[in-house]
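The primary structure of each chain is shown beneath.
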Amino acid sequence: MRFDWSVSPSSTEVKVNRILDADAVQLRSGSSPFLVVDSEVWRLWESEIVRAIRPEPAEVFTVDAREDLKTVRTVESLCAAMFESGTHRDGSLVAVGGGLTCDVAAFAASIWLRGIELVLVPTTLLAMVDACLGGKTGVNLAGAKNQIGSFYPAGLVVVATDFLRTLPRAEVLQGMAEALKTSVLADRDIAELLGSDVGKDRLPELVRRCLAAKGAIVARDLRDLGGRRLLNLGHTLGHALESSSGFEYSHGQAVGLGMLGAAAMAARRGGRPALAGELRGILESIGLPVRLEGKVDPAAVTSFLDHDKKTGGDGRTWVLPYDWEDCRLENLSPREEAALLEVALGELR
Ligand code: GLY
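Remember, it's a predicted structure, so these values are computed and weren't measured experimentally.

With that settled, the discussion passes to the site of the ligand. Around the ligand lies a shell formed by Asp-130, Lys-136, Lys-214, Arg-228 and Leu-231. Here a nitrogen atom of the ligand sits 2.8 Å away from a polar atom, N or O, in the side chain of Asp-130. In this structure, Lys-214 approaches the ligand through a side-chain N or O atom, which is 2.7 Å from an oxygen atom. Protein contacts shield 84% of the accessible area of the ligand, which totals 200 Å² for the unbound molecule.

Structure, rendered in C-alpha coordinates:
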(Lines give C-alpha, C1' and ligand atoms only; values in the text may rest on other atoms or scores of the structure.)
Protein backbone atom coordinates (compact mmCIF):
# COMPACT_ATOMS: atom_id res chain seq x y z
CA MET A 1 0.00 0.00 0.00
CA ARG A 2 1.05 3.54 -0.52
CA PHE A 3 -0.53 6.76 0.67
CA ASP A 4 0.30 10.23 -0.58
CA TRP A 5 -0.10 12.93 2.03
CA SER A 6 -0.64 16.50 1.04
CA VAL A 7 1.04 18.06 4.03
CA SER A 8 -0.11 21.43 5.26
CA PRO A 9 0.90 24.24 5.11
CA SER A 10 1.64 23.59 1.47
CA SER A 11 2.43 27.13 0.28
CA THR A 12 3.61 30.50 1.54
CA GLU A 13 2.23 33.81 0.32
CA VAL A 14 4.82 36.60 0.57
CA LYS A 15 4.04 40.33 0.62
CA VAL A 16 6.89 42.84 0.56
CA ASN A 17 6.32 46.55 1.07
CA ARG A 18 8.09 49.51 2.58
CA ILE A 19 5.34 50.40 5.02
CA LEU A 20 3.44 48.07 7.32
CA ASP A 21 0.00 48.81 5.91
CA ALA A 22 -3.14 48.80 8.01
CA ASP A 23 -4.77 45.37 7.66
CA ALA A 24 -1.64 43.90 5.99
CA VAL A 25 -1.91 40.73 8.08
CA GLN A 26 -5.26 39.07 7.34
CA LEU A 27 -5.82 35.81 9.16
CA ARG A 28 -7.30 33.03 7.09
CA SER A 29 -8.97 31.55 10.14
CA GLY A 30 -10.82 34.80 10.78
CA SER A 31 -10.29 34.50 14.54
CA SER A 32 -8.12 36.76 16.72
CA PRO A 33 -4.54 35.50 16.60
CA PHE A 34 -2.06 34.92 19.38
CA LEU A 35 0.70 37.50 18.86
CA VAL A 36 4.34 36.77 19.71
CA VAL A 37 6.52 39.86 19.41
CA ASP A 38 10.08 40.92 20.18
CA SER A 39 9.86 43.13 23.29
CA GLU A 40 11.96 45.94 21.76
CA VAL A 41 9.98 45.90 18.51
CA TRP A 42 6.77 46.03 20.56
CA ARG A 43 8.03 49.10 22.47
CA LEU A 44 8.84 50.92 19.23
CA TRP A 45 6.07 49.77 16.89
CA GLU A 46 3.08 48.70 19.00
CA SER A 47 0.43 50.88 17.36
CA GLU A 48 1.52 50.05 13.78
CA ILE A 49 1.55 46.31 14.60
CA VAL A 50 -1.90 46.34 16.17
CA ARG A 51 -3.27 48.34 13.22
CA ALA A 52 -1.84 45.80 10.76
CA ILE A 53 -3.37 42.63 12.18
CA ARG A 54 -6.98 41.70 11.38
CA PRO A 55 -8.76 40.56 13.46
CA GLU A 56 -6.82 42.29 16.26
CA PRO A 57 -4.67 39.99 18.41
CA ALA A 58 -6.36 38.33 21.35
CA GLU A 59 -3.20 37.98 23.40
CA VAL A 60 0.34 39.41 23.26
CA PHE A 61 3.39 37.42 24.35
CA THR A 62 6.66 39.38 24.33
CA VAL A 63 10.02 37.69 23.80
CA ASP A 64 13.48 39.04 24.65
CA ALA A 65 15.68 38.29 21.64
CA ARG A 66 18.42 36.53 23.61
CA GLU A 67 20.12 33.40 22.36
CA ASP A 68 20.08 31.91 25.90
CA LEU A 69 16.28 32.22 25.93
CA LYS A 70 15.88 30.36 22.64
CA THR A 71 14.92 27.24 24.53
CA VAL A 72 12.26 24.60 25.01
CA ARG A 73 11.40 26.36 28.26
CA THR A 74 10.39 29.53 26.36
CA VAL A 75 8.35 27.39 23.97
CA GLU A 76 6.64 25.77 26.95
CA SER A 77 5.76 29.21 28.42
CA LEU A 78 4.43 30.24 25.05
CA CYS A 79 2.28 27.12 24.75
CA ALA A 80 1.02 27.62 28.31
CA ALA A 81 -0.01 31.18 27.37
CA MET A 82 -1.81 29.83 24.28
CA PHE A 83 -3.59 27.34 26.51
CA GLU A 84 -4.64 30.13 28.90
CA SER A 85 -5.85 32.29 26.04
CA GLY A 86 -7.86 29.45 24.54
CA THR A 87 -6.02 29.30 21.21
CA HIS A 88 -7.89 26.55 19.36
CA ARG A 89 -6.96 24.12 16.63
CA ASP A 90 -8.35 26.59 14.06
CA GLY A 91 -6.60 29.54 15.72
CA SER A 92 -3.46 31.30 14.55
CA LEU A 93 -0.13 32.67 15.69
CA VAL A 94 1.47 35.83 14.32
CA ALA A 95 5.18 36.33 15.07
CA VAL A 96 6.76 39.78 14.75
CA GLY A 97 10.51 40.08 15.25
CA GLY A 98 13.92 38.92 14.09
CA GLY A 99 15.07 35.42 13.25
CA LEU A 100 15.22 34.31 16.87
CA THR A 101 11.65 35.38 17.68
CA CYS A 102 10.35 33.90 14.42
CA ASP A 103 12.21 30.58 14.98
CA VAL A 104 10.85 30.12 18.51
CA ALA A 105 7.30 31.23 17.73
CA ALA A 106 7.12 29.18 14.53
CA PHE A 107 8.26 26.09 16.42
CA ALA A 108 5.50 26.65 18.98
CA ALA A 109 2.96 27.12 16.16
CA SER A 110 4.12 23.87 14.57
CA ILE A 111 3.53 21.80 17.70
CA TRP A 112 0.60 23.60 19.36
CA LEU A 113 -2.39 21.29 18.81
CA ARG A 114 -0.20 19.66 16.12
CA GLY A 115 0.06 22.85 14.11
CA ILE A 116 -1.92 26.07 13.72
CA GLU A 117 -1.99 28.85 11.14
CA LEU A 118 1.29 30.79 11.18
CA VAL A 119 2.11 34.29 9.93
CA LEU A 120 5.63 35.76 10.11
CA VAL A 121 6.42 39.48 10.12
CA PRO A 122 10.24 39.72 10.11
CA THR A 123 11.75 42.94 11.48
CA THR A 124 15.50 42.50 10.88
CA LEU A 125 17.13 42.43 7.45
CA LEU A 126 18.56 38.99 8.23
CA ALA A 127 15.07 37.65 8.91
CA MET A 128 13.57 39.50 5.93
CA VAL A 129 16.00 38.14 3.34
CA ASP A 130 16.44 34.66 4.78
CA ALA A 131 14.91 33.31 8.01
CA CYS A 132 11.25 34.16 7.29
CA LEU A 133 11.03 31.85 4.29
CA GLY A 134 11.54 28.11 4.06
CA GLY A 135 9.94 26.75 7.21
CA LYS A 136 12.94 26.18 9.46
CA THR A 137 11.89 26.54 13.09
CA GLY A 138 13.83 25.67 16.21
CA VAL A 139 15.35 26.23 19.59
CA ASN A 140 18.76 25.53 21.12
CA LEU A 141 19.68 22.66 23.41
CA ALA A 142 22.57 22.71 25.88
CA GLY A 143 24.11 25.68 24.05
CA ALA A 144 23.99 23.93 20.64
CA LYS A 145 22.02 25.93 18.09
CA ASN A 146 18.69 24.78 16.64
CA GLN A 147 18.94 21.18 17.83
CA ILE A 148 15.19 20.89 18.29
CA GLY A 149 12.85 22.06 15.57
CA SER A 150 10.63 21.33 12.65
CA PHE A 151 9.96 22.27 9.05
CA TYR A 152 6.82 24.36 9.20
CA PRO A 153 6.48 27.06 6.53
CA ALA A 154 4.34 30.07 7.38
CA GLY A 155 1.14 30.43 5.36
CA LEU A 156 1.82 34.17 5.05
CA VAL A 157 4.97 36.30 5.33
CA VAL A 158 4.53 40.06 5.52
CA VAL A 159 7.69 42.14 5.10
CA ALA A 160 7.71 45.88 5.81
CA THR A 161 11.20 47.27 5.32
CA ASP A 162 10.38 50.36 7.37
CA PHE A 163 11.12 48.26 10.48
CA LEU A 164 14.78 48.67 9.51
CA ARG A 165 14.60 52.37 10.44
CA THR A 166 14.87 51.41 14.10
CA LEU A 167 17.31 48.51 13.67
CA PRO A 168 20.95 49.19 14.72
CA ARG A 169 23.14 49.73 11.66
CA ALA A 170 25.42 46.80 12.53
CA GLU A 171 22.42 44.49 12.32
CA VAL A 172 21.38 45.86 8.94
CA LEU A 173 24.91 45.14 7.69
CA GLN A 174 24.62 41.53 8.88
CA GLY A 175 21.55 41.14 6.70
CA MET A 176 23.53 42.56 3.76
CA ALA A 177 26.02 39.71 4.14
CA GLU A 178 23.20 37.15 3.79
CA ALA A 179 21.82 39.07 0.83
CA LEU A 180 25.26 38.95 -0.82
CA LYS A 181 25.28 35.20 -0.20
CA THR A 182 21.97 34.87 -2.04
CA SER A 183 23.35 37.02 -4.85
CA VAL A 184 26.40 34.79 -5.30
CA LEU A 185 24.18 31.70 -5.24
CA ALA A 186 21.43 32.70 -7.59
CA ASP A 187 21.04 36.34 -8.65
CA ARG A 188 24.10 38.44 -9.39
CA ASP A 189 22.03 41.62 -9.80
CA ILE A 190 21.20 41.64 -6.08
CA ALA A 191 24.80 42.74 -5.46
CA GLU A 192 24.03 46.01 -7.27
CA LEU A 193 21.50 46.83 -4.56
CA LEU A 194 23.94 46.34 -1.69
CA GLY A 195 25.97 49.00 0.08
CA SER A 196 26.30 50.90 3.33
CA ASP A 197 23.65 53.45 2.34
CA VAL A 198 20.93 51.61 0.44
CA GLY A 199 18.04 54.04 -0.02
CA LYS A 200 14.85 53.07 1.78
CA ASP A 201 12.98 52.91 -1.52
CA ARG A 202 15.31 50.20 -2.82
CA LEU A 203 15.02 47.93 0.20
CA PRO A 204 11.75 46.25 -0.85
CA GLU A 205 13.32 45.29 -4.17
CA LEU A 206 16.37 43.90 -2.38
CA VAL A 207 14.18 41.77 -0.11
CA ARG A 208 11.91 40.65 -2.95
CA ARG A 209 14.83 39.46 -5.06
CA CYS A 210 16.45 37.62 -2.16
CA LEU A 211 13.21 35.85 -1.27
CA ALA A 212 12.52 34.95 -4.91
CA ALA A 213 15.97 33.36 -5.15
CA LYS A 214 15.75 31.60 -1.79
CA GLY A 215 12.20 30.41 -2.43
CA ALA A 216 13.29 28.76 -5.69
CA ILE A 217 16.11 26.92 -3.91
CA VAL A 218 13.92 25.80 -0.99
CA ALA A 219 11.08 24.70 -3.28
CA ARG A 220 13.41 22.04 -4.69
CA ASP A 221 14.48 20.73 -1.27
CA LEU A 222 12.36 21.94 1.64
CA ARG A 223 13.74 19.33 4.02
CA ASP A 224 17.36 20.29 3.49
CA LEU A 225 18.56 16.95 2.17
CA GLY A 226 20.45 18.22 -0.88
CA GLY A 227 20.35 21.46 -2.86
CA ARG A 228 19.10 23.63 0.02
CA ARG A 229 22.50 23.13 1.62
CA LEU A 230 23.83 25.63 -0.93
CA LEU A 231 22.30 28.24 1.40
CA ASN A 232 25.17 27.41 3.77
CA LEU A 233 27.60 29.28 1.51
CA GLY A 234 30.09 31.06 3.78
CA HIS A 235 28.72 29.36 6.87
CA THR A 236 31.19 26.48 7.41
CA LEU A 237 34.19 28.77 7.73
CA GLY A 238 31.92 31.52 9.05
CA HIS A 239 30.80 29.48 12.08
CA ALA A 240 34.41 28.57 12.82
CA LEU A 241 35.42 32.27 12.70
CA GLU A 242 32.45 33.37 14.79
CA SER A 243 33.23 30.79 17.42
CA SER A 244 37.01 31.08 17.49
CA SER A 245 36.79 34.89 17.73
CA GLY A 246 34.81 34.40 20.96
CA PHE A 247 31.84 35.87 19.03
CA GLU A 248 33.68 39.15 18.41
CA TYR A 249 32.54 38.65 14.83
CA SER A 250 28.80 38.79 14.41
CA HIS A 251 27.14 36.09 12.32
CA GLY A 252 26.90 38.35 9.27
CA GLN A 253 30.50 39.53 9.49
CA ALA A 254 31.66 35.92 9.81
CA VAL A 255 29.55 34.79 6.85
CA GLY A 256 31.07 37.57 4.72
CA LEU A 257 34.59 36.46 5.66
CA GLY A 258 33.57 32.82 5.18
CA MET A 259 32.37 33.53 1.63
CA LEU A 260 35.60 35.28 0.80
CA GLY A 261 37.61 32.33 2.09
CA ALA A 262 35.39 29.88 0.20
CA ALA A 263 35.91 31.86 -3.04
CA ALA A 264 39.68 31.51 -2.61
CA MET A 265 39.23 27.78 -2.01
CA ALA A 266 37.09 27.43 -5.14
CA ALA A 267 39.65 29.36 -7.21
CA ARG A 268 42.27 26.79 -6.22
CA ARG A 269 40.00 24.10 -7.69
CA GLY A 270 39.38 25.86 -10.98
CA GLY A 271 36.91 28.59 -10.00
CA ARG A 272 37.16 32.09 -11.50
CA PRO A 273 40.11 33.73 -9.70
CA ALA A 274 38.65 37.26 -9.84
CA LEU A 275 35.56 36.32 -7.81
CA ALA A 276 37.26 36.72 -4.39
CA GLY A 277 38.42 40.24 -5.32
CA GLU A 278 34.93 41.19 -6.47
CA LEU A 279 33.41 39.92 -3.22
CA ARG A 280 36.07 41.76 -1.22
CA GLY A 281 35.15 45.03 -2.96
CA ILE A 282 31.44 44.57 -2.26
CA LEU A 283 31.99 43.60 1.39
CA GLU A 284 34.16 46.71 1.83
CA SER A 285 31.52 48.93 0.23
CA ILE A 286 28.94 47.52 2.64
CA GLY A 287 31.26 48.12 5.61
CA LEU A 288 31.87 44.50 6.49
CA PRO A 289 35.34 43.16 7.45
CA VAL A 290 37.50 41.48 4.82
CA ARG A 291 40.51 40.59 7.00
CA LEU A 292 40.88 38.76 10.30
CA GLU A 293 42.57 41.78 11.97
CA GLY A 294 43.95 39.78 14.88
CA LYS A 295 40.53 38.78 16.22
CA VAL A 296 41.13 35.16 15.32
CA ASP A 297 44.08 32.85 15.68
CA PRO A 298 44.15 30.75 12.47
CA ALA A 299 45.19 27.72 14.55
CA ALA A 300 41.98 28.10 16.58
CA VAL A 301 39.91 28.01 13.37
CA THR A 302 41.58 24.79 12.26
CA SER A 303 41.09 23.27 15.67
CA PHE A 304 37.40 24.35 15.76
CA LEU A 305 36.79 22.62 12.45
CA ASP A 306 38.72 19.55 13.60
CA HIS A 307 36.52 19.22 16.67
CA ASP A 308 33.29 20.04 14.89
CA LYS A 309 31.10 16.99 15.36
CA LYS A 310 30.13 16.94 11.71
CA THR A 311 33.69 16.02 10.73
CA GLY A 312 33.73 12.35 9.88
CA GLY A 313 36.45 10.22 8.37
CA ASP A 314 34.95 10.85 4.95
CA GLY A 315 35.39 14.58 5.14
CA ARG A 316 32.92 17.43 5.08
CA THR A 317 30.72 19.07 2.48
CA TRP A 318 31.62 22.68 1.66
CA VAL A 319 29.76 25.12 -0.55
CA LEU A 320 32.32 26.46 -3.00
CA PRO A 321 31.54 29.46 -5.21
CA TYR A 322 33.19 28.88 -8.60
CA ASP A 323 31.60 32.04 -9.96
CA TRP A 324 28.45 34.13 -9.61
CA GLU A 325 25.47 31.78 -9.79
CA ASP A 326 27.78 28.76 -9.95
CA CYS A 327 28.14 27.38 -6.43
CA ARG A 328 28.78 23.70 -5.82
CA LEU A 329 28.47 21.31 -2.91
CA GLU A 330 31.80 19.54 -2.63
CA ASN A 331 32.91 16.89 -0.26
CA LEU A 332 36.50 17.53 0.79
CA SER A 333 38.62 14.82 2.35
CA PRO A 334 40.34 15.89 5.59
CA ARG A 335 43.59 16.32 3.63
CA GLU A 336 42.03 18.46 0.89
CA GLU A 337 40.19 20.49 3.51
CA ALA A 338 43.36 21.20 5.49
CA ALA A 339 45.20 22.37 2.36
CA LEU A 340 42.32 24.56 1.16
CA LEU A 341 41.78 26.01 4.62
CA GLU A 342 45.33 27.36 4.46
CA VAL A 343 44.38 29.07 1.20
CA ALA A 344 41.17 30.50 2.72
CA LEU A 345 42.94 31.85 5.79
CA GLY A 346 45.69 33.26 3.55
CA GLU A 347 43.00 35.23 1.67
CA LEU A 348 41.82 36.75 4.95
CA ARG A 349 45.24 37.73 6.31
N1 GLY B 1 19.08 29.80 6.29
C2 GLY B 1 19.34 28.64 5.56
C3 GLY B 1 18.13 27.85 5.21
O4 GLY B 1 17.03 28.36 5.33
O5 GLY B 1 18.25 26.73 4.82
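Before going further, it helps to examine the sheet that holds strand β6 (residues 92-97). What the six strands build is an open sheet, ordered β1-β10-β7-β6-β3-β5; its pairing is parallel. Of all the strands in the sheet, the pair left with one neighbour each is β1 (13-17) and β5 (59-63). Strand-to-strand twist across the sheet, computed as the mean angle between neighbouring axes with direction ignored, equals 15 degrees. Pairing geometry for strand β7 (residues 117-122) and strand β10 (residues 156-160), over two bridges, is parallel. Bridge pairing in β10 places Val-119 opposite Leu-156. The strands touched by helix α1 (residues 39-52) within the sheet are β3 (34-38), β5 and β6, with β3 carrying the most contacts at an inclination of about 130 degrees.

Moving on to helix α3 (residues 99-111). Given a rise of 1.5 Å per residue, 13 residues ought to cover 18 Å, and the 18 Å separating the end C-alpha atoms of α3 matches this to within 8%. The element α3 is largely enclosed, with a buried count of eleven among its 13 residues. All buried positions along α3 are accounted for by Leu-100, Thr-101, Cys-102, Asp-103, Val-104, Ala-105, Ala-106, Phe-107, Ala-108, Ala-109 and Ser-110. Taken from the residues just after α3, Leu-113 is the one with a positive phi, measuring 50 degrees.

Most of strand β11 (residues 316-323) is tucked away: six of the eight residues are buried. Sheet analysis places β11 next to strand β12 (residues 326-332), joined by seven bridges and oriented antiparallel. What sits directly across from Val-319, in β12, is Leu-329. Remark: two residues form the turn of the hairpin made by β11 and β12, two consecutive strands paired antiparallel; Glu-325 in that turn has positive phi of roughly 60 degrees.

Right, let's talk about the packing of aromatic side chains for a bit. Scanning the model with the defined rule gives two aromatic pairs in all. For the ring pair Phe-34 and Phe-61, a centre distance of 6.4 Å and an interplane angle of 35 degrees mean the geometry is tilted. Taken together, the positions of Phe-34 in strand β3 and Phe-61 in strand β5 put the pair 27 residues apart, joining distant regions of the chain. Phe-61 gets classed as buried once you look at its relative accessible area, which sits at 16%.

Turning our eyes to something else, we now look at empty space enclosed by the protein. The final tally for this structure, using the stated rule, is one cavity of 30 Å³ or more. By volume, the largest cavity is sized at about 50 Å³. Lining the largest cavity are Cys-102, Asp-103, Ala-106, Leu-120, Ala-131, Cys-132, Gly-134, Gly-135, Lys-136, Thr-137, Tyr-152 and Ala-154. Looking at the lining of the largest cavity, the elements that each hand over two or more residues are α3 and β8 (136-141).

What follows is about unusual backbone geometry. In this structure, the amide linkage connecting Arg-54 to the following residue, Pro-55, adopts the cis form with an omega of -5 degrees. Tracing the backbone through its elements, the reader meets Pro-55 in the loop between β4 (53-54) and β5. Of note, the phi angle at Asp-23 is positive, near 65 degrees, even though the residue is not glycine. Structurally, Asp-23 can be placed in the loop between β1 and β2 (25-26). We note that Phe-247 has phi near 65 degrees; this positive angle belongs to a residue other than glycine. Within the secondary structure, Phe-247 sits in the loop between α7 (235-244) and α8 (251-268). In this structure Phe-247 comes out as exposed when scored by relative accessible area, which is 56%.

A few words on the side chain of Arg-228. Structurally, Arg-228 is set in the loop between α6 (203-220) and α7. Salt bridges are absent for the buried Arg-228, whose nearest opposite-charge side chain, Asp-224, sits at 4.7 Å. Here Gly-134 takes part through its backbone oxygen, which lies 2.9 Å from a polar atom of the side chain of Arg-228. Reaching out from Arg-228, the side chain makes a polar contact with the backbone oxygen of Leu-222 at a distance of 2.9 Å. Not counting chain neighbours up to four residues away, the residues in contact with Arg-228 comprise Leu-133, Gly-134, Lys-136, Phe-151, Lys-214, Ile-217, Val-218, Asp-221 and Leu-222.

Its place among the elements puts Val-7 in the segment before β1. Taking the C-alpha atoms as reference points, Val-7 and Asp-38, 31 residues apart in sequence, are found 29 Å from one another.

The next point concerns the pattern of salt bridges. Any two side chains of opposite charge can pair, given that their charged atoms come close. Counted according to the given criterion, the structure contains 24 salt bridges. As a salt-bridge pair, Arg-54 and Asp-23 come within 3.1 Å of each other at their nearest N and O atoms. One end of the pair, Arg-54, is in strand β4; the other, Asp-23, is in the loop between β1 and β2, with 31 residues separating them in the sequence. Residue classification places Arg-54 among the partly exposed positions, given a relative accessible area of 27%. Across the pair Lys-181 and Asp-130 runs a salt bridge whose closest N-O atoms are separated by 3.7 Å. Separated by 51 residues along the polypeptide, Lys-181 in helix α5 (residues 169-186) and Asp-130 in helix α4 (residues 125-131) bring together distant segments of the chain. For the pair shown, Lys-181 and Asp-130 are each scored as buried.

Calculation notes
Residues numbered from 1 in each chain as written. Predicted model: local features only at pLDDT ≥ 70, side-chain atom pairs only at ≥ 80, totals over all residues. Heavy atoms only, no water. Near = heavy atom within 4 Å. Polar contact = N/O pair within 3.5 Å; in protein donor to acceptor, adjacent residues only side chain to side chain. Areas by Shrake-Rupley, 256 points an atom, 1.4 Å probe, with all protein chains shown as cover. Pairing = 2+ DSSP bridges. Helix = DSSP H or I, 4+ residues; strand = E, 2+ residues; numbered from the N terminus. Axes fitted to C-alpha atoms, helices over the stretch in contact; angles between N-to-C directions. Contact = heavy atoms within 4.5 Å. Expected span 1.5 Å × (residues − 1). Buried < 20%, exposed > 50% of the residue type's maximum accessible area, 1.4 Å probe, protein only. Phe/Tyr/Trp six-rings, centres within 6.5 Å; stacked < 30°, edge-to-face > 60°. 1 Å grid on protein atoms, 1.4 Å probe; cavity = no way out; pocket = protein on both sides within 12 Å on 5 of 7 lines; lining within 4 Å. Points joined across faces, edges and corners; volume = space filled by probe spheres on them. Lys, Arg positive; Asp, Glu negative; His and termini not counted. Salt bridge = Lys/Arg side-chain N within 4 Å of Asp/Glu carboxyl O.

Interpretation in functional terms is not warranted from these geometric data alone.
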